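Fold and contact review
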Amino acid sequence: MNAQTQSLSDRQAWKKLTAHYEAIRNLHMRQMFADDPQRGEQMSTEAVGLFLDYSKNRVTAETLKLLVELAEESGLRERIDAMFGGKKINLTEDRAVLHVALRAPRDAKIEVDGENVVPEVHAVLDRMTDFANRVRSGAWKGHTGKRIVNIVNIGIGGSDLGPVMAYEALKHYAQRDLTFRFVSNVDGTDFAEAVVDLDPEETLFIVASKTFTTLETMTNANTAREWSLAAFGGDTSSVAKHFVAVSTNAEQVTEFGIDTANMFGFWDWVGGRYSMDSSIGLSTMLAIGPEGFLEMLAGFHEMDEHFRTAPFEQNLPVLMGLLSIWYNDFFGAETVAVLPYDQYLKRFPAYLQQLSMESNGKYITVDGKRVDYATGPILFGEPGTNGQHSFYQLIHQGTRLIPCDFIAFGKSLNPLGRHHDMLQANVFAQAEALAFGKTAEEVKAEGTADWLVPHRVFEGNRPSNVLLAESLTPALLGKLVALYEHSVFTQGIIWNIDSFDQWGVELGKKLAQRIIPELESSEQPELEHDSSTNNLIRIYRKMKGMP
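Figured I'd write up the structure that's included with this text. For clarity, every value in this text was computed on a predicted model and none was experimentally measured.

**Here we look at the overall build of the protein chain**
The number of helices and strands found in the protein chain is 20 helices and 13 strands. Expected size for 547 residues packed as a compact globule is a radius of gyration near 24 Å; at 25 Å, the protein chain falls within 12% of this value. Structurally, the protein chain occupies a C-alpha span of about 75 × 60 × 60 Å along its principal axes. Pairs at least 24 apart in sequence give 73% of the contacts found in the protein chain among residues at least 6 apart.

**Overview of the pairing of strand β7 (residues 203-208)**
A regular strand carries its side chains on alternate faces of the sheet. Burial runs high along β7: six of the six residues are buried. Covered by surrounding structure in β7 are T203, F205 and V207 together with L204, I206 and A208, the residues of both alternating faces. Of the pairings in the sheet, the one linking strand β5 (residues 150-154) to β7 comprises five bridges and is parallel in character. The residue bridging N150 from the neighbouring strand is T203, located in β7.

**A short note on the packing of aromatic side chains**
Taken as a whole and assessed by the stated rule, the structure comprises 27 aromatic pairs. Seen from their ring centres, F380 and F391 are 5.2 Å apart, and the 75° between their planes marks the pair as edge-to-face. Placement of F380 in strand β11 (residues 378-380) and of F391 in the loop between β11 and α15 (392-397) is noted, with a sequence separation of eleven residues between them. With a centroid separation of 5.5 Å and an interplanar angle of 45°, the aromatic rings of F391 and Y392 are classed as tilted. Accessibility assignment for this pair places F391 and Y392 in one class, buried. Members of the aromatic cluster, connected to one another through ring pairs, are W14, Y21, W326, Y327, F330, F331 and Y373. Just above the ring of F33 sits the side chain of R39; from NZ or CZ to the centre is 5.3 Å. The ring centre of Y363 lies 4.3 Å from the NZ or CZ of R370, which sits over that ring.

Thresholds, definitions, all that
Starting from 1, residues in each chain are numbered consecutively following that chain's sequence as written. With pLDDT at 70 or above as the cut-off, local features in this predicted model cover only qualifying residues; side-chain atom pairs require 80 or more to be listed or tallied, and sums for whole chains, interfaces and linings still use all residues. To get the side-chain values, take all heavy atoms of the structure and skip hydrogens and water. Helix numbering and strand numbering both begin at the N terminus, where a helix is a DSSP run of H or I of at least 4 residues and a strand a DSSP run of E of at least 2. As a reference, a globule follows 2.2 Å times the number of residues to the power 0.38, and the radius of gyration itself is taken over C-alpha atoms. In what follows, residue pairs with any heavy atoms lying within 4.5 Å of each other are defined as contacts. Each residue is placed in one exposure class: buried if its accessible area under a 1.4 Å probe, protein chains only, is under 20% of its type's maximum, exposed if it is over 50%, and partly exposed if it falls in between. The rule for pairing is simple: two strands pair if DSSP sees at least two bridges between them. Between 30 and 60 degrees the pair is tilted, below 30 it is stacked and above 60 it is edge-to-face, where a pair is any two Phe, Tyr or Trp rings, Trp via its six-membered ring, whose centres lie within 6.5 Å. Note on criteria: charge over ring means Lys NZ or Arg CZ within 6 Å of the ring centre, with the direction from the centre no more than 35 degrees off the ring normal.

Below, the structure written as structure tokens:
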């Protein structure tokens, strides 16, 4: 039976895992490590400059064997080959899923409908490179001849989260005489605060919208256009010097006033949340330069090749994806905490929220049936050590099981005295504390009063992965993002869902389009929503002083 038509619970490996879970569910990691002194070395693997220690998980060698069996029985290898082969695995939209082509080397061959798309990708990269070099060098001038020193990216979703995250992550490598701002929220405050201290004559806007019709993006873009034109006496010829587009809609781009020579396209086989390494990353290239951007793409590609070729037992994305399945579907863990111990990665958890939750937040299988198992865990996180003084209490002693991914680096990009050793000591200490905890006997041995002992006991047995790399470079960021992309893909294949559509985003957007004129109408509108929505609209209009 085809894996895509067979129910997940009917797969032999799933049945074996269900029985195996019952057998080991109460086994403590203290016992696992006591039984195997080499567990830390044996349950770790390294690839493409990333070291993964997964020994502090509630798994045995048998667990891992059965999880790999599940991946094989679910057709993961075939689906990997289908994705890299340009097959239309986004079934509900009849599209290929080829973000891997965005970082393929120039001489690679990846076909969609019989056409090699790699030359197109590199043609856009070459145009981006030329544009970035002109802006960074000062050769590109604004309407009045001033150099551009401010770049404002206007987008939303994948057109914002990726660029913001990458800019923050790679700020160490950014050209510091350029200022970067990012506007996404349709709340006017976002735009107002982004430009409050900028000179329009020195400001360039990147409008990132594939269709050039995205409501939030185009609302902000039109506001930016008005703001910019006000500085040039309404001279619309200035738009071409202060706006560029990341889009495929040449007609709308031209109507806006942008020269299509400064329109950078991408393709329908690039999902928004997988697009930071496409022309959506133009702001990233402007910040770190074409060379740094190409280094990042090379890092992506290294992880792609590892995912495509490595045996599942040593495959970093597969292992992490399978462990997520283990906790989500057998232990009932509803969340995952991603905890980067590097301040530059402060926006990485937010980026992963969209990548994971928009991809796998589905309850319908690819063949249209409702799942009878959990999918798509809730992902959250903050950089360490900040999170330790915020939500770690619940992870350590709360009633919920929250698997954690710790991300750490051997070298700091800003070495200051003891800071980095202290930071990394906390990574290793937190993972150790979560795994082993502290028994009542240990607490009593410290002289703790009997009444206080229960409060100071840590039961442990809380799982975590530790990802360790030498330093945060553009290439490493590419590897890290690709690692999670392919982990999410792995989970989606096991759950038999389409990780590449996002129909759940659409309904609220369509309803908002209906409500907007009802809020703006000068006359009292005839409302036909539910009683709650009708009442909220009336109260809002009253606050605005409208009938």
